[in-house]
Amino acid sequence: MLAMGLITTNAQTQTAAKRDSLTIFRDKIDQLDKEIVRLLGERMEAARTIGAYKLTHNIGVVQSNRFNEVLQQAITYGKEKGLSEEFIKALYEDIHKESIRQQEALKPQQ
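Thresholds, definitions, all that
- Residues numbered from 1 in each chain as written.
- Predicted model: local features only at pLDDT ≥ 70, side-chain atom pairs only at ≥ 80, totals over all residues.
- Heavy atoms only, no water.
- Helix = DSSP H or I, 4+ residues; strand = E, 2+ residues; numbered from the N terminus.
- Contact = heavy atoms within 4.5 Å.
- Areas by Shrake-Rupley, 256 points an atom, 1.4 Å probe, with all protein chains shown as cover.
- Axes fitted to C-alpha atoms, helices over the stretch in contact; angles between N-to-C directions.
- Parallel < 35°, antiparallel > 145°, perpendicular 65-115°, else oblique.
- Left-handed = near helix turned anticlockwise from the far one by under 90°.
- Nonpolar A, V, L, I, M, F, W, Y, C, P; charged D, E, K, R; others polar.
- Expected span 1.5 Å × (residues − 1).
- Buried < 20%, exposed > 50% of the residue type's maximum accessible area, 1.4 Å probe, protein only.
- Arc of directions from axis to C-beta.

(A) Focus on the overall build of the chain. When its secondary structure is counted, the chain shows three helices and zero strands. Ordered by position in the sequence, the α and β elements of the chain form the string α-α-α. If you take every contact in the chain between residues at least 6 apart in sequence, the share linking residues at least 24 apart comes to 66%. Of the accessible surface of the chain, which amounts to about 9,000 Å², a share of 58% is contributed by carbon and sulfur atoms.

(B) Spatial organisation of the packing of helix 2 (residues 64-80) against helix 3 (residues 85-104). Interaxial distance between helix 2 and helix 3 falls to 9 Å at its minimum, and their mutual angle equals 140 degrees. It follows from the interaxial angle that helix 2 and helix 3 lie oblique. Crossing of helix 2 against helix 3: the hand is right-handed. Between helix 2 and helix 3, the residues in contact are Phe 67, Val 70, Leu 71, Ala 74, Ile 75, Gly 78 and Lys 79 and Glu 85, Ile 88, Lys 89, Tyr 92, Glu 93 and His 96, respectively. Grouping the amino acids of the contact of helix 2 with helix 3 by side-chain chemistry returns seven nonpolar, two polar and four charged.

(C) Quick look at the environment of Ile 100. Structurally, Ile 100 is set in helix 3. In sequence terms Ile 100 and Ala 47 are 53 residues apart; their C-alpha atoms lie 8.1 Å from each other. Non-local contacts of Ile 100, meaning those with residues more than four positions away in its chain, are made with Val 61 and Val 62.

(D) Quick peek at helix 2. Its 17 residues give helix 2 an end-to-end C-alpha distance of 24 Å, which sits within 8% of 24 Å, the value for a rise of 1.5 Å per residue. Along helix 2, the residues that are buried comprise Phe 67, Val 70, Leu 71, Ala 74, Ile 75 and Gly 78. Seen from one end, helix 2 has its buried residues packed into an arc of 140 degrees, which puts them on one side. Residues Asn 65 and Glu 80 are exposed on helix 2 and point more than 90 degrees away from its buried face. Positive backbone phi, at 85 degrees, marks Gly 82, one or two positions downstream of helix 2.

Shown next as structure tokens:
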């Protein structure tokens, strides 16, 4: 009986430890997700600032060469961090679309 109680207690302790570790890891992901969104917000703020500059200086919103340069840098850095090129491309295409949307929204409505 004593052995059964020790085994059950040990199993419960291990389960609790796993749950605690999982909670810690999930909390870390939650914290990182908030930081990602905060940084994306800052990036869009910079895109709006650039958009205002482009508007003032009669420069088109889409600058394909610049996007390709940014994308290649991100792919290189992403690979260093173990991220696939496909993931980085998809992510940056979405970021680019939102940057364009943010800049286009600055144009006066006709």
